[in-house]
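Commentary on secondary and tertiary structure
These are the residues of each chain, in order.
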Amino acid sequence: MNKIVGLFTLLLLMFSCKPMQNKNKEKQFAEEVNSDFTIAFGSCNKTKKNNVLWDDVLAVKPDLWAWGGDIIYADTENMDTLHKMYAAQKNLPSYAEIVDSIPIIGTWDDHDYGLNDGGKEFSAKKGSQQEFLDFMDVPKDSPRRKQEGVYTLHSYNTPKGKVNVIVLDTRYFRTALTEDLEISKRNKPNVYGEGTILGKEQWLWFKDVLTKSDADFNVILSSVQVLSNKHGFECWGNFPHEVDKLKNVIVSSKAKGVILLSGDRHISEFSKTEVKGLDYPLLDFTSSGLTHAYKDFSGEENPFRVGEVVFTESFGVLKFDFEKKKVVFQIVGNNAEVLEKTEQWY
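Report follows, based on the coordinates. (Residues numbered from 1 in each chain as written. Predicted model: local features only at pLDDT ≥ 70, side-chain atom pairs only at ≥ 80, totals over all residues. Heavy atoms only, no water.)

Right, let's get into the overall build of the chain. A count of helical and extended segments in the chain gives 8 helices and 15 strands. In terms of overall size, the chain behaves like a compact globule, its C-alpha atoms giving a radius of gyration of 20 Å where 346 residues would be expected to give roughly 20 Å. Judged by the C-alpha coordinates and their principal axes, the chain covers about 75 × 45 × 45 Å. Out of the 346 residues belonging to the chain, those deemed buried represent 56%. Considering only contacts in the chain between residues 6 or more positions apart, those separated by 24 or more positions represent 71%. When the accessible area of the chain is evaluated, it comes to approximately 16,300 Å², of which 52% is carbon and sulfur surface. For the chain, the distance from the average site of its 43 positive side-chain charges to the average site of its 50 negative ones is 3 Å. (Helix = DSSP H or I, 4+ residues; strand = E, 2+ residues; numbered from the N terminus. Rg over C-alpha atoms; globule rule 2.2 N^0.38 Å. Buried < 20%, exposed > 50% of the residue type's maximum accessible area, 1.4 Å probe, protein only. Contact = heavy atoms within 4.5 Å. Areas by Shrake-Rupley, 256 points an atom, 1.4 Å probe, with all protein chains shown as cover. Lys, Arg positive; Asp, Glu negative; His and termini not counted. Charge placed at Lys NZ, Arg CZ, Asp CG, Glu CD.)

Shown next, in the form of structure tokens:
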């Protein structure tokens, strides 16, 4: 009898971890939801692969496109090579239409930064920063040209409310990861208190802009996942004290409607957690990837996951309703089909 119960329990656990792809749900389309302000965002884009989603991004009619990192896959210290790859991306007709139609902001991740899983040790990071800013059409006289790191603040005022997008740099200052010797090519959390993701100056800046924010919603863009922390790949969870620090800054700032966006993983999902001092759950919306996805994904532990993992090409959409203090979050695939969604009131 005990063997039967044990087998049943094992099967139940296996089923609960099995990813699903929305196959049995009635199709919905992103443009069907009204919005006072719309952000579309995505990550993991290989220039040599066909991106079939740009026309769907246009169909959603976003007020803003935000790059979540890995705009190109350069992995190089050669700035001439990096420059040519950015130029190739910018000259793609489908992306050029995005540039002509939608304001574009964003951050980088390791592959456009120039070093796989790279951090502060990357020797070419200063030159890489200038190439990134060129791609983003940041003026040559911008203060961002002189600061270390690509972090910045963008504010959007509408007749009904205001959205701040706080762009973080999780590469320039990030200290070393701790390799998990028991699992090949994976990481484990650093000793609590050791290491940093944002670095001293960026942390001070982040606390200041969030505390001073008068926006109705504050969107924080991080290239790597903030909440999901069990997979062993890059994430804020490799620096658990930095996760706690982030939560503490969010609470102490008293900023309204804080939302986390992330990329990197070649899967898309929603993660959510309750934070003491916040009267709403903190949500981390991961959108990845645009041209390639983890098609062989078979499941992984994420104690914060809400809904299903999407492991086909997709991008993220946030639709803001200022009157209701509500945001609709959508994972959108080809033909503007909503593959997964969730809603949150703030």
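Sheets are built from strands that pair by backbone hydrogen bonding, the pairs being arranged parallel or antiparallel. If you walk across this open sheet you meet the 6 strands as 3-2-1-13-14-15, and the pairing is mixed. Every interior strand has two partners, whereas the edge strands, strand 3 (104–106) and strand 15 (338–345), have only one. Strand-to-strand twist in this sheet, taken as the mean axis angle between neighbours without regard to direction, amounts to 20°. In this structure, strand 1 (residues 37–42) lies alongside strand 2 (residues 64–67), joined through 4 bridges in parallel fashion. (Pairing = 2+ DSSP bridges. Axes fitted to C-alpha atoms, helices over the stretch in contact; angles between N-to-C directions.)

With that settled, consider the packing of aromatic side chains. In total, this model carries 27 aromatic pairs according to the counting rule given. Here the aromatic rings of phenylalanine 270 and phenylalanine 285 are separated by 4.7 Å at their centres, their planes lie at 55°, and the arrangement is tilted. Placement of phenylalanine 270 in strand 10 (residues 268–273) and of phenylalanine 285 in strand 11 (residues 282–286) is noted, with a sequence separation of 15 residues between them. Using a relative accessible area of 0% as the deciding quantity, one classes phenylalanine 270 as buried. Summarising the aromatic geometry, the rings of phenylalanine 270 and phenylalanine 329 are spaced 6.5 Å apart at their centres and angled 65° between planes, so their arrangement reads as edge-to-face. You can see phenylalanine 270 sitting in strand 10 and its partner phenylalanine 329 sitting in strand 14 (residues 326–332), a full 59 residues away along the chain. Joined through ring pairs, the aromatic side chains of Phe37, Tyr156, Phe217, Tyr280, Phe320, Phe322 and Tyr346 make up one cluster. (Phe/Tyr/Trp six-rings, centres within 6.5 Å; stacked < 30°, edge-to-face > 60°.)

Quick look at the pattern of salt bridges now. What the rule picks out here adds up to 14 salt bridges. Aspartate 80 is the salt-bridge partner of lysine 84, the closest N and O atoms lying 3.3 Å from each other. Placement of the pair is lysine 84 and aspartate 80 together in helix 3 (residues 79–90), with a separation of 4 residues, close to one helical turn. A relative accessible area of 43% means that aspartate 80 is categorised as partly exposed. A salt bridge links lysine 212 to aspartate 208, with the shortest nitrogen-to-oxygen separation between them at 3.2 Å. Of this pair, lysine 212 and aspartate 208 both sit in helix 7 (residues 199–212), 4 residues apart, which is roughly one turn of the helix. Among the residues examined, aspartate 208 registers a relative accessible area of 34% and is labelled partly exposed. A cluster of three or more residues bridged by salt bridges with shared partners is formed by Asp109, Arg171, Arg174 and Glu234. (Salt bridge = Lys/Arg side-chain N within 4 Å of Asp/Glu carboxyl O.)

Below, the discussion takes up the nonpolar core. Judged by nonpolar contacts, the single largest core of 89 residues is most densely connected at Phe206, Trp236, Phe315, Leu318 and Phe320. No other element matches helix 7, which puts 5 residues into this core. With sequence-adjacent residues up to four places away left out, phenylalanine 320 is seen in contact with Ser35, Asp36, Phe37, Ile39, Val163, Phe217, Val219, Ile259, Lys326 and Val327. (Core = buried A, V, L, I, M, F, W, Y, C linked by side-chain atoms within 4.5 Å.)

Inspection of the secondary structure assignment puts arginine 174 in the loop between strand 5 (162–167) and strand 6 (178–179). A polar contact is formed between the side chain of arginine 174 and the backbone oxygen of glycine 118, at a distance of 3.5 Å. Discounting chain neighbours no more than four positions away, the residues touching arginine 174 are Asp117, Gly118, Gly119, Lys120, Glu121, Thr196, Ile197, Glu234 and Phe239. (Polar contact = N/O pair within 3.5 Å; in protein donor to acceptor, adjacent residues only side chain to side chain.)

The next point concerns the environment of histidine 266. With respect to the helices, strands and loops of the structure, histidine 266 is situated in the loop between strand 9 (258–262) and strand 10. Distance from histidine 266 to asparagine 229, taken between C-alpha atoms, is 15 Å for residues 37 residues apart in sequence. Excluding anything up to four places from it in sequence, histidine 266 contacts Cys44, Tyr73, Ser288, Gly289, His292, Ala293 and Tyr294. Side-chain polar atoms of histidine 266 contact the side chain of tyrosine 73, separated by 3.2 Å.

As a further point, take the packing of helix 7 against helix 8 (residues 240–253). Running from N to C, helix 7 and helix 8 point in directions that differ by 30°, and their axes come no closer than 9 Å. With respect to helix 8, the element helix 7 is oriented roughly parallel. Along this stretch, helix 7 crosses helix 8, giving a crossing that reads as right-handed. Contacts between helix 7 and helix 8 involve Trp203, Phe206, Lys207, Leu210 and Thr211 from the first element and Glu242, Lys245, Leu246, Val249, Ile250 and Ser253 from the second. By residue class, the composition of the contact of helix 7 with helix 8 is 6 nonpolar, 2 polar and 3 charged. (Parallel < 35°, antiparallel > 145°, perpendicular 65-115°, else oblique. Left-handed = near helix turned anticlockwise from the far one by under 90°. Nonpolar A, V, L, I, M, F, W, Y, C, P; charged D, E, K, R; others polar.)

A few words now on the environment of cysteine 44. For cysteine 44, the position within the fold is in the loop between strand 1 and helix 2 (54–60). Since its relative accessible area comes to 0%, cysteine 44 is described here as buried. A C-alpha to C-alpha distance of 7.2 Å links cysteine 44 and histidine 292, two positions 248 residues apart in sequence. Sequence-distant contacts of cysteine 44, that is, excluding residues within four places in its chain, are made with Gly69, Asp70, Tyr73, Asp264, His266, Ser288, Gly289, Leu290, Thr291 and His292.

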